[in-house]
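Listed below, chain by chain, are the residues.
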Amino acid sequence: MFFASDLQAKEYTFIAEITPPYTYFDDKQISGIYKDFLDNAFATSEHSYVFKGFNTRRLITAVGNTEFDAVIGVSSYAPYYRVFKTSIPIGSTSRHPISLDGMLDEPYTESLSAKRVGAVYGLGFDILLPNIDLLAYSYAEQGVVELFNHKIEIIIEDPLIILCTSELIRGLIPANSQLYGHSPPLKVVDLYIGLYEPEHPLTELLTNSAELADITRLSVKYFRSCGADSDLIINR
């Protein structure tokens with residue numbers, strides 16, 4: 001087995017879906033939870049990394065491209081998950097039904113079957129919710145606009161993503177809007193870094209970083225900061 005310390009310094013390329021606050025552009029620079037994680041991982045390493053963010057469709061196309069070394073933030077529900085020869089768990093995210101009102105009875109699967117439910121295209125929601133006829137859209141924040149336009153009644157998403165929705169998207173919805181993130185979550189989804197090589201040289205480095213500061217813990221500060229800055233209210 002190879003270890004990062006056994007090799008000469010190398011630059012690795014990571015890609016991720018643009019989904020604030022996990023990955024987003026801040027003054028044309030990549031920022032967010034995944035970058036925080038990678039910064040921690042590489043802080044004491046002789047290796048370096050390049051981080052690129054793509055929209056959902058571009059990411060799906062890019063997966064498997066030998067130009068890249070790894071995808072960060074992938075779940076096992078993603079249809080392309082099987083292309084990775086090594087996967088490193090880095091935390092989890094909870095997926096909740098989110099609506100304009102607080103009325104949604106449990107069990108969710110029965111309640112959702114009678115409603116227009118939306119989710120992001122191509123990320124495995126059809127596998128996560130096989131009994132729901134989902135209406136797909138291109139990226140998470142689009143679901144917020146679809147809700148306020150009453151094209152759908154429920155979106156399935158991580159409330160943190162919705163709370164941190166961009167100013168551009170918030171400009172398309174009423175000011176001081178309120179949404180309801182229904183608890184308990186519909187599903188807790190484990191997140192991984194997908195690597196294309198078996199026994200990849202970065203495995204030890206990334207695994208150690210996840211043990212010290214996984215994605216679940218890193219997201220706490222973003223929940224606080226987005227909650228303080230956002231005029232979008234998530235009732236839970």
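Below you will find a few notes about this structure. Here the structure is a predicted model, which means the values were calculated and not measured. Each chain has its residues counted from 1, following the order in which its sequence is written. The predicted origin of the model limits local features to residues at a pLDDT of at least 70 and limits the giving and counting of side-chain atom pairs to 80 or more, whereas totals for whole chains, interfaces and linings rest on all residues. Computation of side-chain values: all heavy atoms of the structure, hydrogens and water removed.

### Here we look at the overall build of the protein
The helix and strand labels rest on DSSP assignments: H or I over at least four residues marks a helix, E over at least two residues marks a strand, and numbering proceeds from the N terminus. Within the protein one finds 9 helices and 12 strands. Its C-alpha atoms give the protein a radius of gyration of 18 Å, near enough to 18 Å, the size a compact globule of 236 residues would have. Projected onto its principal axes, the C-alpha coordinates of the protein cover approximately 55 × 35 × 30 Å. Classification of residues uses two cut-offs on accessible area relative to the type maximum, computed with a 1.4 Å probe and protein chains only: under 20% is buried, over 50% is exposed, and between them is partly exposed. Residues classed as buried in the protein amount to 52% of the 236 residues present. Taking contacts inside the protein between residues at least 6 apart in sequence as the whole, the part at least 24 apart equals 78%. When charges are counted, neither His nor the chain ends are considered; positive counts come from Lys and Arg and negative counts from Asp and Glu. Here the site of a charge means atom NZ of a Lys, CZ of an Arg, CG of an Asp or CD of a Glu. Computed over 18 positive and 30 negative side-chain charges, the separation of the two mean positions in the protein equals 4 Å. Here the globule rule is a power law, 2.2 Å times the number of residues to the power 0.38, and the radius of gyration is based on C-alpha atoms. Only heavy atoms matter for contacts: two residues are in contact if any of them lie within 4.5 Å across the pair.

### Observations regarding the environment of L163
Examined against the element boundaries, L163 turns out to sit in helix 6 (residues 159-163). Taking relative accessible area as the criterion, L163 reaches 7% and is therefore assigned buried. The sequence separation of L163 and P20 amounts to 143 residues, and the corresponding C-alpha distance is 9.2 Å.

### A short note on helix 5 (residues 140-148)
Counting buried positions along helix 5 yields 8 of 9 residues, so the element is predominantly enclosed. Among all positions of helix 5, only A140, E141, G143, V144, V145, E146, L147 and F148 are buried. Downstream of helix 5 by one or two residues, H150 has phi in the positive range, about 60 degrees.

### Describing helix 1 (residues 33-42)
Of all 10 residues in helix 1, 7 are buried; the element is thus mostly enclosed. Considered for burial, the residues of helix 1 that qualify are I33, Y34, D36, F37, L38, A41 and F42.

### Here's the deal with the pattern of salt bridges
The term salt bridge refers to a side-chain nitrogen of Lys or Arg lying within 4 Å of a carboxyl oxygen of Asp or Glu. Scanning the entire structure with this criterion turns up 6 salt bridges. Note that K221 and D36 form a salt bridge whose closest N and O atoms lie 3.2 Å from each other. Within this pair, whereas K221 is found in helix 9 (residues 215-229), its partner D36 is found in helix 1, the two being separated by 185 residues in sequence. Its salt-bridge partner being R116, residue E153 comes within 3.7 Å of it at the nearest N-O pair. Here R116 lies in the loop between helix 3 (108-112) and strand 7 (117-120) and E153 lies in the loop between helix 5 and strand 9 (154-157), a separation of 37 residues in the sequence. The exposure class of E153 is partly exposed, given its relative accessible area of 30%.

### Remarks on the packing of aromatic side chains
Note on aromatic pairs: the rings of Phe, Tyr and Trp (six-membered ring only in Trp) are paired at centre separations within 6.5 Å, and the planes decide the class, stacked below 30 degrees, edge-to-face beyond 60, tilted for the rest. For the structure on display, the rule yields 9 aromatic pairs. Look at F42 and Y49: their rings are 5.1 Å apart centre to centre, the planes differ by 40 degrees, and that puts the pair in the tilted class. Since its relative accessible area comes to 18%, Y49 is described here as buried. Arranged with centres 5.8 Å apart and planes meeting at 65 degrees, the rings of F54 and F68 form a pair that is edge-to-face. With F54 in strand 4 (residues 48-54) and F68 in the loop between helix 2 (56-62) and strand 5 (70-75), this pair connects stretches of sequence that are 14 residues apart. The pair F54 / F68 is uniform in exposure class, with both members buried. In this structure an aromatic cluster arises from ring pairing among Y80, Y81, F84, Y192 and Y196. The criterion is that NZ of a Lys, or CZ of an Arg, lies within 6 Å of the ring centre and within 35 degrees of the ring normal, and then a charge sits over that ring. For R57, the ring lying beneath its charged end belongs to Y121, and the centroid distance is 4.2 Å.

### Some thoughts on the packing of helix 1 against helix 8 (residues 203-212)
Packing of helix 1 against helix 8 brings their axes to within 9 Å, and their N-to-C directions diverge by 115 degrees. Once helix 1 is placed against helix 8, the crossing between them reads as right-handed. Along the contact surface, helix 1 presents F37, L38, N40, A41 and F42, while helix 8 presents L205, L206, S209 and A210. Every axis in this analysis is a line fitted to C-alpha atoms, fitted for helices over the stretch in contact. Angles between the N-to-C directions lie between 0 and 180 degrees. Handedness of each helix crossing follows the sense of rotation of the near helix against the far helix: counterclockwise by less than a right angle gives left-handed, clockwise gives right-handed.

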